[in-house]
Amino acid sequence: MNDKLVFLGLLYFVQGIPYGLQSSLLPVYLRGAGHSLTRIGFTKILYFPWVLKVLWAPLVDRVGTKRRWLVGTVSGLALTCLSSAALAPEAHIWGVAGTLLAMNTFASVQDIAVDGAAVGLLKGRGELGLGNTAQVVGYKAGSVFAGGGLLAVIDVAGWSWMFMLLTFVYAGVALFVWGAPVLDDESIKQADGGRRGGQGTTEAMRPWRVWRKLMAVPGTPWTILYVLTYKLGEQGAVTMFPLFLLDHHMTARELSFWNGVIAMGFSICGSSLGGLLLAQFSIGAMMRRVFVLRTISMVFQSSLLTVLEPSPLMKGMAVLSMSVQHFLGGLITTLTFTTMMHCTQRAEESIQATHYSFLATLEVLGKLMFSALAGGVVDWCGFQVAFLFFLTLSAGTALHVWTATFTGALRETQLKEQPK
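Scoring rules and cut-offs
Residues numbered from 1 in each chain as written. Predicted model: local features only at pLDDT ≥ 70, side-chain atom pairs only at ≥ 80, totals over all residues. Heavy atoms only, no water. Helix = DSSP H or I, 4+ residues; strand = E, 2+ residues; numbered from the N terminus. Buried < 20%, exposed > 50% of the residue type's maximum accessible area, 1.4 Å probe, protein only. Contact = heavy atoms within 4.5 Å. Areas by Shrake-Rupley, 256 points an atom, 1.4 Å probe, with all protein chains shown as cover. Core = buried A, V, L, I, M, F, W, Y, C linked by side-chain atoms within 4.5 Å. Expected span 1.5 Å × (residues − 1). Bend = angle between axes of the 7 residues up to and from the residue. Patch = residues over 30% accessible without salt bridge, like charges linked within 9 Å, V, L, I, M, F, W, Y side chains within 5 Å. Salt bridge = Lys/Arg side-chain N within 4 Å of Asp/Glu carboxyl O. Phe/Tyr/Trp six-rings, centres within 6.5 Å; stacked < 30°, edge-to-face > 60°. Lys NZ or Arg CZ within 6 Å of the ring centre and 35° of its normal. pLDDT = per-residue confidence, 0-100.

Undergrad: Would you take a moment to explain the overall build of the chain for this structure?
TA: Across its full length, the chain carries 18 helices and zero strands. In the chain, which comprises 420 residues, the proportion classed as buried is 55%. For the chain, contacts bridging at least 24 residues in sequence account for 86% of all contacts bridging at least 6. Surface summary for the chain: the accessible area is close to 17,200 Å², and the carbon and sulfur share equals 70%.

Undergrad: Just checking my understanding: could you explain the nonpolar core for this structure?
TA: In globular proteins that are soluble, nonpolar side chains generally tend to be buried together. Counting residues in hydrophobic clusters, the biggest one holds 73 residues, and the most contacted among them are Phe7, Leu21, Tyr170 and Tyr226. The greatest single-element share of this core, amounting to 12 residues, is contributed by helix α5 (residues 93–121). Sequence-distant contacts of Tyr170, defined by excluding residues within four places in its chain, comprise Val14, Ile17, Pro18, Val74, Leu77, Ala78, Cys81 and Met103. Of all hydrophobic cores here, the second largest spans 26 residues; its members include Leu232, Leu246, Ala318 and Phe387.

Undergrad: Looking at this model, I keep getting lost on helix α13 (residues 252–278). Mind explaining?
TA: Helical geometry: 3.6 residues make up each α-helical turn, so side chains three or four residues apart lie on a common side. For α13, which comprises 27 residues, the first-to-last C-alpha distance of 37 Å matches the rise-based estimate of 39 Å (1.5 Å per residue) to within 8%. A maximum bend of about 25° is found in α13 at Met264.

Undergrad: Just checking my understanding: could you explain helix α12 (residues 232–248) for this structure?
TA: The terminal C-alpha atoms of α12, which comprises 17 residues, lie 25 Å apart, in line with the 24 Å expected from a rise of 1.5 Å per residue. At Met240, α12 shows its largest kink, close to 25°, and the proline Pro242 lies no more than four residues downstream. Within α12, 14 of the 17 residues are buried, leaving the element largely enclosed by the surrounding structure.

Undergrad: Would you mind going over a nonpolar patch on the surface with me for this structure?
TA: On the surface, a nonpolar cluster with roughly 480 Å² of combined accessible area is contributed by Val292, Leu293, Ile296, Trp402 and Phe406. Sorting the residues of the nonpolar patch by element identifies α14 (283–303) and α17 (383–407) as the ones contributing at least two each. A total of three residues in the nonpolar patch trace back to one element, the largest contributor, which is α14. Relative to the elements of secondary structure, Ile296 occurs in helix α14.

Undergrad: Which parts of the structure should I look at to understand the side chain of Ser323?
TA: Its place among the elements puts Ser323 in helix α15 (residues 312–344). In this structure Ser323 touches Ile262, Ala263 and Phe266, once residues within four positions along its chain are discounted.

Undergrad: Explanation requested: the packing of aromatic side chains in the structure shown.
TA: Applying the stated criterion across every chain yields a total of nine aromatic pairs. Summarising the aromatic geometry, the rings of Phe244 and Phe383 are spaced 5.1 Å apart at their centres and angled 70° between planes, so their arrangement reads as edge-to-face. With Phe244 in helix α12 and Phe383 in helix α17, this residue pair connects regions lying 139 residues apart in the sequence. Each member of the pair Phe244 and Phe383 is classed as buried. One aromatic cluster is present, formed by Phe241, Phe244, Phe383, Phe387, Phe389 and Phe390 through successive ring pairs. One residue, Arg288, lies across the ring of Trp402, its end atom 5.6 Å from the ring centre.

Undergrad: Would you take a moment to explain the confidence of the model for the chain for this structure?
TA: Any segment with low pLDDT has predicted coordinates that should not be analysed in fine detail. Chain-level pLDDT for the chain is 77 on average; 78% of the residues reach the 70-or-more range. pLDDT under 50 marks residues 187–205. Its contacts with residues more than four places away, or in other chains, come to 17 contacts.

Undergrad: Looking at this structure, I do not really get the environment of Phe163. What am I missing?
TA: With respect to the element layout, Phe163 can be found in helix α7 (residues 159–178). What makes Phe163 buried here is its relative accessible area of 2%. In this structure, the C-alpha to C-alpha distance between Phe163 and Thr80, residues 83 residues apart in sequence, is 9.1 Å. Excluding anything up to four places from it in sequence, Phe163 contacts Leu21, Cys81, Ser84, Ala85 and Met103.

Here is the structure:
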């Protein structure tokens, strides 16, 4: 089991680096250069490859081995970082945007392969909880490394050296995956599947047939609605509150430390705790309580928007608010991805990676659409009114989850039907 956790955690770590660069480093850089919140929000379009990944997920699922897909995509990330090292962001802003788009493309394809490997490797409720903890913690650690750590040292090390470091990181991970014994059984199974003929490739070229199978998996319709909406209010708050602090209370360097490192550290703690609690308590009962706590934390955070004058007390309350919000968000993310994997394990083995990628794509789409629009909402009606809107969305999601734990897909009788 330890080998599985190290393998999955490392791959999700390098997968989180592009997200950290875009979610923490790029917004602070653009806001410091005087760009509007609306324009900063529209940079989320660079995440678009994550939305499209469901189109080629059947190909990754049925053609080649997971090892080859992982080595190829991580190597592509290394080459992209090497290209980025030759660019200066002040003079080549469109080139930087292009390299980030390419990084998201490679990372999204890597995500399909590693999710498929995780579905096959993790068995039983205990392994699912720990495996999804490795997934979420690894991804967020990569995001902290890129968005917090690199933002703090970029003024000293420089843009080129930062991306040269990332090049070596990705190259080392590609070599590790190439020789990882944890994939040996999966490679044999995939190779045997390839010798059965061209049926897998044919179905990969006809994704609509696969999608009909996806929708027929028990629990999928409810899970689709849930993953599209569960982060809406939280995503708006997490995206816009740091920019409020940048406008009124904190410098970019302070924000990179408190929001990019400390608050994300709390997020990792929440994700880790979620995996441990899942081995002891029911997921339905946990989700009911955590979603209510998230709504309460957003009430506290929204109240801080009325204080515009900088003060040590306000900074302390702001850091506490971000830390609590990220802690609960991390806990909810682990619960959510475990719920998604429970649902996927009901699908037939030949479409499991595609099914999980489909749900993960919708999860990204829900967050992407709202975070892209959140800046426009704030520019239009102001921080206070916008955060009341975010709070309303969060309360609605809590009600949706509460209902599902008694009468819907999160009932204990439903979850006990999952394969062990």
